[in-house]
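Residue strings, one per chain:
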Amino acid sequence: MEGSRPRVPSSLIGQVVGQLPDGAALVLLGGTEVACLLQALATVPDPRDPRGVRHKLPGVLAMTAAGVLAGARSFYAIGQWLADASQCTLKRLGARAHPGSSRYVAPDEATLRRVAGEVDGEVFEQALGGWLSARVRRRRAARARRGRKPAKPTRNRKAKGQRRARCGGHRPPLAQVAVDGKVVRGARRADGKAPHLLAAVTDAGVVLAQRQVADKSNEIPALRPLLEPLELTAAVVTADGLHTQRSNATFLREVKDAHFVFQVLGNQPNLFAQLDALDWAAVPVAVRTEQQDRGRREVRTIRVLEPPRGVLFPNVEQVFLVERKITQRGQTSYESVLYLTSLSAAQASPADLLAYVRAHWTIENRVHWVRDVTLGEDASRVRTGNAPRVMAALRNLVVSLLRLDGASNIAGALRYNAGNNRRVLKHLEL
C-alpha cells in the first residue's frame, strides 16, 4: 500500500552482517573450524549406480560409524541399533526423510553391508584420518591456550570407570606418532589371506591414518604413503626394527621435518654389529624405572651414547640401549634392544627416550587388543569386498574418539553409548 510503513524483515541477520566492521568474519552458530563428520565423508566417492539410490553415502557411512560406536559388532547389530534410534538421532546422522510420512528412515542391513563392501577403503580411511587429525590439532591448540591445569578429582562422575586414570609416568615434550601393523585374522581376501593393515597412532591412542599393505609385499613400502598426508613437523615417529631403513630416516628428517626413534635388529646386520660392539658395560645407567601390576614386575634401564664415528645410518644424534627385566610367577626374563634416534641430547633426555620406547608398545594394549577382544575383530565374519577394511577403520575411529574423551574402559564406554544416543552424537560432533 502506498505510503505505508515498510515491513521489517523477520530475520535481522542481514542487517547485522551489514554492520560488521571491516575484516570481521561471520561465525555461524554451532560451527567450528573443523568440518563435521558428514562433510568429511562427503569426499568419499559413491560407488553405487545413481539410479535407485535412496540413502546418501555420507549418511550411510555416518550411521554405520554410530552403530559401531554404540557397541555393534556386525552389520546386523548396526541395523538393529538404527531401527531403535530416535527420529532426532536419524536426522542428525543424515538419514533420508520419507516423502510420504516425512519420517526419517534408516537403511537396512543389506544396504549397510553392500555399501561397506563397495566403497573405496583407502579414501574412506583418509577421510576419517583427516577428520581425526583436525580434532587432535584443535585440542592441542586449546590446551596450549589454557596451559596445564591441576587434575580434577574423578569421584562421583557419571559413568564411573570411563575416565582415564592419571599416572605419574614421564611425558616427553614432543608429540609421538607410533607406526605398527596388524593382521585382521577374521577376514579373508579373494586369495584367502587375511588383510594386513599398517596404522599411525598417537601416544594417546588416536589412529591418525591406516593403510592396507599391498599383496605380495610387506610393511616397508607402506610406511611412506601412510605418513605422507600427515602433519608431522617436530613430531617423533617410532617404529619397530622392520622400518629401520635409511630411506625412511631421510624421508622423516628432510621431507616431513620429523624425528625418528628406530630399533636396530638383525635386518641391519652391519649397523647392528657396529652398535653392539660399543662398550655398553662402561656406560652408566641414565634412567631406571620400575612397574608392578597384577603380579608382573618390570624394571627398565637405559644407557645413552653419542653415535660412533662413521655410523652406518643417516641423521643419527644418539644411540641407546634399553634393558628390561621381567619377573612373573617366579620366572625372570631379560631383554636388551638397541635403538638410534635423530633427537639430540638437548631435544630429548634419557627419560624422554625411554618414555618414547615404552609408549610405542602401549599401542598393542590401547588399540590392537581393544580391537581384537573388546570390539571382536578377530571373531568378525565380515569378509566381502572392502567391508573388512571399512569395519577396521570404523573400529579405529571408535577407539580414537573414546580415547580423546578420556575413556580407559572401552567396554564400559560402549555400554554407556548403547543406551544414550545423545552420547553417540556428541562423540561424532553431530
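Residues numbered from 1 in each chain as written. Predicted model: local features only at pLDDT ≥ 70, side-chain atom pairs only at ≥ 80, totals over all residues. Heavy atoms only, no water.

## Let's talk about helix α14 (residues 410–418)
By the burial criterion, the buried members of α14 are Ile410, Gly412, Ala413, Leu414, Tyr416 and Asn417. In the core, the buried residues of α14 are packed alongside α3 (57–69), α12 (363–374), α13 (387–404) and α15 (421–427). Where α14 begins, the side chain of Asn409 points an oxygen toward the backbone nitrogen of Ala411, at a separation of 3.3 Å. (Buried < 20%, exposed > 50% of the residue type's maximum accessible area, 1.4 Å probe, protein only. Helix = DSSP H or I, 4+ residues; strand = E, 2+ residues; numbered from the N terminus. Contact = heavy atoms within 4.5 Å. Polar contact = N/O pair within 3.5 Å; in protein donor to acceptor, adjacent residues only side chain to side chain.)

## A look at the packing of aromatic side chains
In total, this model carries 4 aromatic pairs according to the counting rule given. For the pair Phe260 and Phe313, a centre-to-centre distance of 6.0 Å together with 70 degrees between the ring planes defines the contact as edge-to-face. Here the residue Phe260 occupies a position in strand β7 (residues 259–264), and Phe313 occupies one in the loop between β9 (296–305) and β10 (318–328), the gap between them amounting to 53 residues. Its relative accessible area of 0% is what places Phe260 among the buried residues. (Phe/Tyr/Trp six-rings, centres within 6.5 Å; stacked < 30°, edge-to-face > 60°.)

## As for the sheet that holds strand β4 (residues 196–202)
The mixed open sheet is built from 9 strands, whose spatial order is β5-β4-β3-β6-β7-β11-β10-β9-β8. The open sheet has two edge strands with one neighbour each: β5 (207–212) and β8 (287–293). Ignoring which end each strand starts from, the neighbouring axes of this sheet average 20 degrees apart. Sheet topology places β4 next to β5; 5 bridges connect them, and they run antiparallel. (Pairing = 2+ DSSP bridges. Axes fitted to C-alpha atoms, helices over the stretch in contact; angles between N-to-C directions.)

## Description of the confidence of the model for the protein chain
Per-chain confidence: the protein chain averages 82 in pLDDT, with 84% of residues scoring 70 or above. In the model of the protein chain, helix α1 (residues 13–18) stands out as the element of lowest mean pLDDT, 37, in contrast to β7, which has the highest, 95. The low-confidence segment residues 1–34 (pLDDT under 50) makes 8 contacts with residues lying over four places distant or belonging to another chain. Here residues 150–168 is modelled with pLDDT under 50, and outside its nearest four sequence neighbours on either side it reaches 21 contacts, counting other chains as well. (pLDDT = per-residue confidence, 0-100.)

## Things to note about the pattern of salt bridges
Tallying each qualifying case throughout the model produces 17 salt bridges. Asp46 serves as the salt-bridge partner of Arg48, at 2.9 Å between the closest nitrogen and oxygen. A salt bridge links Glu290 to Arg288, with the shortest nitrogen-to-oxygen separation between them at 3.5 Å. Take Arg288: its relative accessible area is 51%, and that puts it in the exposed class. Each of Arg296, Glu298, Arg300, Arg324 and Glu335 takes part in salt bridges that share partners, so that together they form one network. (Salt bridge = Lys/Arg side-chain N within 4 Å of Asp/Glu carboxyl O.)

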